[in-house]
Amino acid sequence: MVAVTEVGPRVADPAGQPARRRRRLVPALLVVGWLLGVGWRMWLSRHVPLPIAHTDEDSYLHTARALAGGPGGFSSENGPLRRVGYPLLISPAFLGERDFADSYRLVQLINAAVNATVLPLSYLLLRRLVPVRRAVALAAATVAATLPATVFYAGVAMIDAVLAPLVLAWLLAVHHWVRRPGPLVAAGAGTLVGTFHLLHSRGLVIVGVHAGLVLLLFLRRRIGPAQVLAAVLPVLALALLNEVVIRLLGDRVYLLGDPPGGGTVRAVASGPGLLRVGAAVATQLWYLVVITFGLAGVAWAGVVRLLLRPAPTTGPGPAAASPPPAAGPADGVGATRWTVGVALVTSVGVAAGASVILAGITGKPLDAIYGRYVQMLAPFWLLLGVGMLVAATPRQRWRRVAVAVGLLLAGATLIAARLAWVASRGHELRYGGFGAPDLMALTGGWREFRPFTGAAVGIAGCLLLVAALRLPRWRLPVLAALVAVNLGTMQVITARLVRPVVAATAPTPRVADLGVRPGDRVWASLGVQWVLRFNLSHQVTWADVRWFGDDPPADADVVFVRWAPGEPDDWDGTRYGFVRLGGNPEQRWAAWRRT
């Protein structure tokens with residue numbers, strides 16, 4: 001069983017240092033760590049001058065530009081799942097007249113500043129959930145803040161850059177709300193949930209979990225009607241804001257995505273369909289265990305035991321006539337139980353929701369793994385795993401590690417069987433860099449999924465941590481080693497994935513160097529490879545670049561077209577009164593101006 005002391009009062013730090021100095025030192029270290037985190041993320045993104053995660057980036061950037069008063073463009077979103085929160089966040093980057101490369105760099109800076117807050121949020125959350133010392137909490141927070149699952153998307157215009165810190169802030173608010181209920185903290189939790197809804201469709205899972213939490217707290221008489229309203233109204237307000245902004249955008253941003261419908265229902269409305277979705281959910285959860293060095297599995301083992309224990313006795317809830325008593329150890333245990341329960345339901349819900357939606361996209365092969373949707377949960381489970389190891393007895397540690405090892409091996413076996421079954425029928429599951437870049441780097445599986453290598457990575461991490469805990473002086477060095485692994489993994493991802501993708505998708509020369517200037521009416525041919533077409537269009541900051549087939553529109557001043565010397569589909573602009581400005585025949589594109 002999980003001992004009460006594991007989630008009770010905080011552990012006092014060594015008495016050798018003055019308390020006042022420690023109180024000043026920790027905030028200073030967190031601020032310095034945040035600044036270093038921002039700098040490191042910007043350094044990693046130095047190789048990315050243009051979008052590489054199409055078409056999601058293009059959609060967010062076009063919407064942000066339109067919100068800043070500029071031209072719009074297409075979005076690959078669909079109506080029911082359309083969200084404007086992230087474009088609102090990055091829209092200041094498009095204020096004024098800037099070159100696209102400068103605006104994109106500002107987007108990366110906004111991402112880095114928000115994403116790096118994982119460090120202070122991780123420290124605060126771990127100190128509240130589990131009694132660990134400040135030094136251990138700082139080290140564990142640094143591991144969480146450098147996880148590639150946390151950092152990877154900060155270098156591109158993707159919503160995932162801001163979701164990990166939002167998850168931590170929300171769970172921190174949940175813990176505080178349950179421990180010290182009040183209208184203000186209820187409104188804060190509701191605002192964070194509404195922000196999730198404003199940012200991405202996976203926020204629907206968060207909204208559902210939040211609604212269940214509010215209902216349970218009310219039924220248990222831990223909150224009254226006033227707090228129910230305080231927790232619900234911000235969610236409704238931000239959902240309304242999303243709709244208002246969409247209406248204000250009008251047709252300046254036009255949607256190209258298909259809404260989920262019959263394809264999604266057909267994908268899961270059968271025995272084989274449910275098995276496929278179940279396998280995808282299990283794969284995503286297994287992925288969380290691997291990339292957290294087995295600590296997510298350790299955390300889940302501790303959480304299940306904690307939730308199965310009888311709830312501690314607390315004083316009357318705020319719904320009672322008398323004011324709530326001061327928070328004590330039992331209140332902390334109860335708040336932790338609620339928080340980890342919310343996190344567990346959210347993790348399964350996000351994995352299941354993503355798997356169902358992806359299964360309904362029938363126009364492309366299913367993914368062998370697509371970990372992007374659950375990556376935002378990785379820092380929390382890593383932190384809780386560290387706490388569950390540090391605060392446990394030796395017997396409890398080995399039990400939890402045994403559970404994590406079992407999950408890793410069972411998951412690897414399931415994944416290998418799934419891959420073999422699909423291959424035996426002459427098909428293959430899609431496996432790409434953006435599905436799980438950190439897993440690729442950790443396992444060396446750039447061309448093939450290596451589930452048992454992934455399991456070995458997680459098992460090695462678990463055993464190393466347990467061995468270090470036998471000697472307390474090794475705790476910080478081992479956590480520092482995990483930070484080094486994270487830093488090295490990001491370097492490998494940058495070298496093996498990011499830079500090659502940039503080299504293949506960045507058109508050269510720049511359109512400005514070819515004489516394309518503000519005021520030109522620019523169109524792009526469908527004959528230009530789509531990624532290059534998008535990145536060429538981004539450089540036309542003054543207009544929405546539309547597409548055409550063979551014949552250029554009558555109002556076009558400049559067109560981007562296919563340049564393939566000696567090939568039948570080489571576009572000859574002289575037939576239409578155009579002169580070639582230049583381009584890149586190796587990339588198969590050219591810019592032509594009407595004479």
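Reading guide: rules and limits
Residues numbered from 1 in each chain as written. Predicted model: local features only at pLDDT ≥ 70, side-chain atom pairs only at ≥ 80, totals over all residues. Heavy atoms only, no water. Patch = residues over 30% accessible without salt bridge, like charges linked within 9 Å, V, L, I, M, F, W, Y side chains within 5 Å. Areas by Shrake-Rupley, 256 points an atom, 1.4 Å probe, with all protein chains shown as cover. Salt bridge = Lys/Arg side-chain N within 4 Å of Asp/Glu carboxyl O. Buried < 20%, exposed > 50% of the residue type's maximum accessible area, 1.4 Å probe, protein only. Pairing = 2+ DSSP bridges. Helix = DSSP H or I, 4+ residues; strand = E, 2+ residues; numbered from the N terminus. Right-handed = clockwise from strand over helix to strand, strands pointing away. Lys, Arg positive; Asp, Glu negative; His and termini not counted. pLDDT = per-residue confidence, 0-100. Contact = heavy atoms within 4.5 Å. Axes fitted to C-alpha atoms, helices over the stretch in contact; angles between N-to-C directions. Expected span 1.5 Å × (residues − 1). Core = buried A, V, L, I, M, F, W, Y, C linked by side-chain atoms within 4.5 Å. Parallel < 35°, antiparallel > 145°, perpendicular 65-115°, else oblique. Left-handed = near helix turned anticlockwise from the far one by under 90°. Nonpolar A, V, L, I, M, F, W, Y, C, P; charged D, E, K, R; others polar. Polar contact = N/O pair within 3.5 Å; in protein donor to acceptor, adjacent residues only side chain to side chain. Phe/Tyr/Trp six-rings, centres within 6.5 Å; stacked < 30°, edge-to-face > 60°. Lys NZ or Arg CZ within 6 Å of the ring centre and 35° of its normal.

Turning to a nonpolar patch on the surface, a few remarks are in order. Taken together, Leu229, Val232, Leu233 and Leu236 make up a surface patch of nonpolar side chains, about 360 Å² in accessible area. Looking at Leu233, the relative accessible area reads 49%, which means it is partly exposed.

As judged from the 3 bridges shared by strand E3 (residues 522–525) and strand E5 (residues 558–561), these two strands associate in the parallel manner. Each bridged residue has a counterpart across the sheet, and for Val522 the counterpart in E5 is Val558. By the bridge criterion, 3 bridges tie E3 to strand E4 (residues 546–548) in an arrangement that is parallel. Pairing of Ser525 across the sheet is with Phe548, part of E4. What joins E3 to E4 is helix H21 (residues 530–538), and the crossover it makes is right-handed.

Attention shifts here to the side chain of Asp438. Relative to the helices and strands, Asp438 is located in helix H18 (residues 437–443). Here Asp438 occupies a buried position and makes no salt bridge, while the nearest side chain of opposite charge, Arg372, is found at 12 Å.

Quick look at the confidence of the model for the chain now. Considering every residue of the chain, the mean pLDDT works out to 90; 92% of them sit at 70 or more. Confidence drops under pLDDT 50 across residues 1–12; counting only partners more than four residues distant or on other chains, this segment forms 41 contacts. Under a pLDDT of 50 for its full length, residues 314–330 has, in the predicted model, 25 contacts with residues more than four places off or in other chains.

Moving on: the sheet that holds strand E6 (residues 578–584). Across the sheet, which stays open at both edges, the 5 strands sit in the order E4-E3-E5-E7-E6 with mixed pairing between neighbours. Because the sheet does not close on itself, it has two edges, and the strands there are E4 and E6. Neighbour to neighbour, the strand axes of the sheet diverge by 30° on average, direction disregarded. Of the strands in this sheet, E3, E4, E5 and strand E7 (589–594) are in contact with H21, which crosses E3 at around 170°.

This model, assessed by the stated rule, comprises 14 salt bridges. Here Arg202 ties to Asp160 by a salt bridge, and the two come within 3.1 Å at their closest N and O atoms. One end of the pair, Arg202, is in the loop between helix H9 (183–199) and helix H10 (203–219); the other, Asp160, is in helix H8 (residues 160–179), with 42 residues separating them in the sequence. Assessed through its relative accessible area of 6%, Arg202 is described here as buried. Classification of Asp160 by relative accessible area gives buried; the value is 8%. Residue Arg510 pairs with Asp513 through a salt bridge whose shortest N-O separation is 3.4 Å. Relative accessible area serves as the criterion here: at 42%, Arg510 is assigned to the partly exposed category. Sharing partners across several salt bridges, the network here consists of Asp56, Asp160, Arg202 and Arg372.

Before going further, it helps to examine helix H14 (residues 295–308). Because an α-helix packs 3.6 residues into every turn, residues spaced three or four apart end up facing the same way. Between its first and last C-alpha atoms H14 spans 20 Å; for 14 residues at 1.5 Å apiece the expected length is 20 Å, and the two agree. For H14, the tally of buried residues reaches 10 of 14 residues, placing the bulk of the element in the interior. All buried positions along H14 are accounted for by Leu295, Ala296, Gly297, Val298, Ala299, Trp300, Ala301, Gly302, Val303 and Leu306.

Take helix H6 (residues 134–146) next. Between its first and last C-alpha atoms H6 spans 18 Å; for 13 residues at 1.5 Å apiece the expected length is 18 Å, and the two agree. Here H6 lies mainly inside the structure; 11 of its 13 residues are buried. Within H6, burial applies to Arg134, Val136, Ala137, Leu138, Ala139, Ala140, Ala141, Val143, Ala144, Ala145 and Thr146.

Let us look at the nonpolar core. Residues Tyr86, Trp170, Trp177, Trp286, Phe380, Trp381 and Leu384 are the most contacted members of the largest nonpolar core, which totals 154 residues. The element contributing the most residues to this core is H8, with 15 residues. Excluding residues within four positions of it along the chain, Trp170 makes contact with Ala189, Leu192, Val193, Phe196, Ile206, Val209, Val342 and Thr346. In terms of nonpolar packing, the next biggest core, distinct from the first, is built from 15 residues, Leu514, Val528, Val545 and Trp589 among them.

What follows concerns the packing of helix H19 (residues 451–469) against helix H20 (residues 475–505). The N-to-C vectors of H19 and H20 enclose an angle of 160°; their axes lie 8 Å apart at closest approach. Taken together, the axes of H19 and H20 are roughly antiparallel relative to one another. Crossing of H19 over H20 shows right-handed handedness. Judged by residue contacts, Leu464, Leu465, Ala468 and Leu469 of H19 engage Arg475, Val478, Leu479 and Leu482 from H20. Along the lines of polarity and charge, the residues of the contact of H19 with H20 split into 7 nonpolar, no polar and 1 charged.

Quick look at the environment of Trp177 now. As for its position among the elements, Trp177 is in helix H8. Taking the C-alpha atoms as reference points, Trp177 and Ala189, separated by 12 residues in sequence, lie 7.6 Å from one another. Excluding its chain neighbours within four sequence positions, the residues that come into contact with Trp177 are Gly182, Val185, Ala186, Ala189, His210, Leu213, Val214, Leu217, Ile223, Gln227 and Ala231. A distance of 2.8 Å separates a polar atom in the side chain of Trp177 from a polar atom in the side chain of Gln227.

Turning our eyes to something else, we now look at the packing of aromatic side chains. The full count for this structure, using the stated rule, is 18 aromatic pairs. With centroids separated by 6.0 Å and ring planes inclined at 80°, the aromatic side chains of Trp300 and Trp381 adopt a geometry described as edge-to-face. Of the two residues, Trp300 is situated in helix H14 and Trp381 in helix H16 (residues 378–390); the sequence distance between them amounts to 81 residues. In this structure Trp381 comes out as buried when scored by relative accessible area, which is 0%. Aromatic rings pair up to connect Phe74, Trp530, Phe534 and Trp547 into one cluster. Above the plane of the ring of Trp43 lies Arg46, whose end atom (NZ or CZ) is 3.9 Å from the centre. The ring of Trp547 has Arg533 sitting right over it, with the charged end atom 4.9 Å from the ring centre.

This part covers the side chain of Arg82. Here Arg82 shows up in the loop between strand E1 (73–75) and helix H3 (85–90). Apart from the residues lying within four places of it in its own chain, the contact partners of Arg82 are Glu77, Asn242, Ile246, Leu249, Val253 and Leu255.

As a rule of thumb, non-glycine residues mostly have phi less than zero, and peptide bonds are mostly trans rather than cis. At the junction of His54 and Thr55, the peptide bond is cis and its omega measures out at 5° in the coordinates. With an omega dihedral of 0°, the bond running from Thr508 to Pro509 counts as a cis peptide bond. Mapped onto the elements of the fold, Pro509 is located in the loop between H20 and E3. Non-glycine residue Phe293 carries a positive phi angle of around 60°. Tracing the sequence through the fold places Phe293 in the loop between helix H13 (271–291) and H14.

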